[in-house]
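Listed below are the residues making up each chain.
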Amino acid sequence: MSMPTQGSGLNSGHHPHDADEVRGSSFGELMRQVTTDLSTLMRQEVELAKAEIRQEGKKAGKAAGFFGGAGFGGYMVALFLSLALWAGLSNVMDAGWAALIVAVIWGAIAAVLYSMAKRNAERIRGLKQTNESVQRIPDALKPHPQEVTR
């Protein structure tokens with residue numbers, strides 16, 4: 001995967017303009033050059049962002065796989081500890097009652113985890129910073145679809 005570099009910046013295909021060239025250019029020509037340079041800059045920034053997202057996505061995917069493996073390992077530990085507790089309790093009481101006690105313990109754990117998850121979910125506010133920054137965009141830069149005619 002190739003990443004855009006600073007060497008492939010705005011000057012690829014363009015040469016720096018000296019003062020005489022700028023003075024000899026019309027306003028329209030200067031605006032065209034600025035627009036072209038801004039367009040090139042935006043494309044390069046988008047390409048850089050895409051490359052970074054791909055790289056970070058691969059890292060996140062790998063980490064998620066490891067977390068999934070660790071979660072499965074934890075599940076297996078909990079399962080076999082539960083079976084051991086059930087077997088241990090069945091030495092002193094009926095196996096049915098021992099299984100019920102283990103199930104009630106897991107029910108209590110699940111209820112506590114659910115309560116914590118619900119409390120954390122209620123704190124989620126969405127994209128607060130993004131919404132605030134979008135609100136600061138001047139109205140002139142915001143699209144007005146009702147004014148667009150074709």
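Our subject is the structure that appears above.
1. What about the overall build of the protein?
For step 1, the next point in the chain: The secondary structure content of the protein amounts to 4 helices and 0 strands.
For step 2, the next point in the chain: Counting from the amino terminus, helix and strand elements in the protein follow one another as α-α-α-α.
For step 3, the next point in the chain: Within the protein, the fraction of its 150 residues that count as buried is 6%.
For step 4, the next point in the chain: Of the contacts formed within the protein by residues at least 6 apart in sequence, a portion of 50% connects residues at least 24 apart.
For step 5, the next point in the chain: When the accessible area of the protein is evaluated, it comes to approximately 12600 Å², of which 65% is carbon and sulfur surface.

2. Brief notes about helix 2 (residues 27–90)
For step 1, the next point in the chain: With 64 residues, helix 2 extends 91 Å between its outermost C-alpha atoms, agreeing within 8% with the 94 Å of an ideal straight helix rising 1.5 Å per residue.
For step 2, the next point in the chain: Every buried residue of helix 2 is listed here: Gln33, Thr40, Ala51, Ala78, Ser82 and Leu89.
For step 3, the next point in the chain: Of the surrounding secondary structure, the elements contacted by the buried residues of helix 2 are helix 3 (95–122).

3. What to know about the environment of isoleucine 101
For step 1, the next point in the chain: Mapped onto the elements, isoleucine 101 comes out in helix 3.
For step 2, the next point in the chain: By relative accessible area, which is 33% here, isoleucine 101 ends up partly exposed.
For step 3, the next point in the chain: Counting along the chain gives 12 residues from isoleucine 101 to leucine 89, while the straight-line C-alpha distance between them is 8.8 Å.

Reading the values: the criteria
Residues numbered from 1 in each chain as written. Predicted model: local features only at pLDDT ≥ 70, side-chain atom pairs only at ≥ 80, totals over all residues. Heavy atoms only, no water. Helix = DSSP H or I, 4+ residues; strand = E, 2+ residues; numbered from the N terminus. Buried < 20%, exposed > 50% of the residue type's maximum accessible area, 1.4 Å probe, protein only. Contact = heavy atoms within 4.5 Å. Areas by Shrake-Rupley, 256 points an atom, 1.4 Å probe, with all protein chains shown as cover. Expected span 1.5 Å × (residues − 1).

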